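Architecture and fold: a report
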Amino acid sequence: RIKLAPTSVMELLQNSIRCMDEILAERKVTVEIQCEIYLLPIDNDLMQSAIINLVDNASKASDKDSIVYLKAIGNEISVIDSGKGISPEDLDRVTEPFYSIDKSRSKQNSNGSGLGLSIVKEIVEAHNAKLLISSQEGRGTVVTIRFS
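The text that follows walks through the structure, step by step, so that each part is easy to find. (Residues numbered from 1 in each chain as written. Predicted model: local features only at pLDDT ≥ 70, side-chain atom pairs only at ≥ 80, totals over all residues. Heavy atoms only, no water.)

**Thoughts on the overall build of the protein chain**
We apply this condition: Only runs of H or I of at least four residues qualify as helices and only runs of E of at least two qualify as strands under DSSP, and these elements are numbered from the N terminus. We take the radius of gyration over the C-alpha atoms and set the globule estimate at 2.2 Å times the residue count to the 0.38 power. In this scheme, a residue with accessible area under 20% of its type's maximum is buried, one over 50% is exposed, and one in between is partly exposed, where area comes from a 1.4 Å probe on protein chains only. We call two residues in contact whenever any of their non-hydrogen atoms come within 4.5 Å of each other.
The secondary structure content of the protein chain amounts to 5 helices and 7 strands. Starting at the N terminus and ending at the C terminus, the protein chain contains elements arranged as β-α-α-β-β-α-β-β-α-α-β-β. In terms of overall size, the protein chain behaves like a compact globule, its C-alpha atoms giving a radius of gyration of 15 Å where 148 residues would be expected to give roughly 15 Å. Dimensions of the protein chain along its principal axes, counting C-alpha atoms only, are 45 × 30 × 25 Å. For the protein chain, buried positions account for 40% of its 148 residues. Relative to all contacts within the protein chain whose residues are 6 or more apart in sequence, the contacts with residues 24 or more apart total 67%.

Listed below in structure tokens is the structure:
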């Protein structure tokens, strides 16, 4: 059972990025935060895990020296990258457990289990929110958590 409490969205976003400082530095990816939401009733630990996963995915898909945008506006938190994007046929399946977009990556050299987005979806739905993903190949991806 999740524990909802009024949480500072700016602190949530900043703490999530702080947890990833080293990885982001290695990948030479910068995260820019734009936050216009003051408080949200969320389970901080679970939502932080979701944000970290989304930023991790965005930074993996991005080229070196690029920017990932983390925006909290209205009733949405979005992670936006200008990376390689996701094909329409993969887009419908990316939240399935163990689904991998990159078929060339074997389990040995993949640095993930294929569970990330399925776990993010569970966390989002536990908050009675929706996970929305839009993408264009070669142009990037926007993953949005929309709170009701």
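**A word on the sheet that holds strand β7 (residues 140–147)**
The condition is simple: Note on pairing: two strands pair once DSSP finds at least 2 bridges between them. Lines fitted to C-alpha atoms define the axes, with helix axes restricted to the stretch in contact, and inter-axis angles between N-to-C directions lie between 0 and 180 degrees.
Across the sheet, 5 strands lie side by side as β2-β4-β5-β7-β6; this open sheet has mixed pairing. The open sheet terminates on both sides in strands that have one partner only, identified here as β2 (29–35) and β6 (129–136). With strand direction ignored, the average angle separating the axes of adjacent strands in the sheet is 15 degrees. Bridge count for β2 against strand β4 (residues 66–73) is 7 bridges, and the pairing is parallel.

**Side note on the side chain of Thr141**
Looking at where Thr141 falls in the secondary structure, it is placed in strand β7. By relative accessible area, which is 8% here, Thr141 ends up buried. Not counting residues within four places of it along the chain, the set of residues in contact with Thr141 comprises Val79, Ile80, Asp81, Gly85, Ile86, Ile133, Ser134 and Ser135.

**Quick notes on the nonpolar core**
A general trend in soluble globular proteins is that nonpolar side chains are found buried together. Convention followed: Residues enter a nonpolar core if they are buried and are Ala, Val, Leu, Ile, Met, Phe, Trp, Tyr or Cys, with the set joined through side-chain atoms within 4.5 Å.
By size, the foremost hydrophobic cluster in this structure holds 33 residues, and its most contacted members are Met47, Ile51, Val55, Leu70, Ile77, Ile145 and Phe147. Per-element accounting of this core gives the leading share, 6 residues, to helix α3 (residues 44–61).

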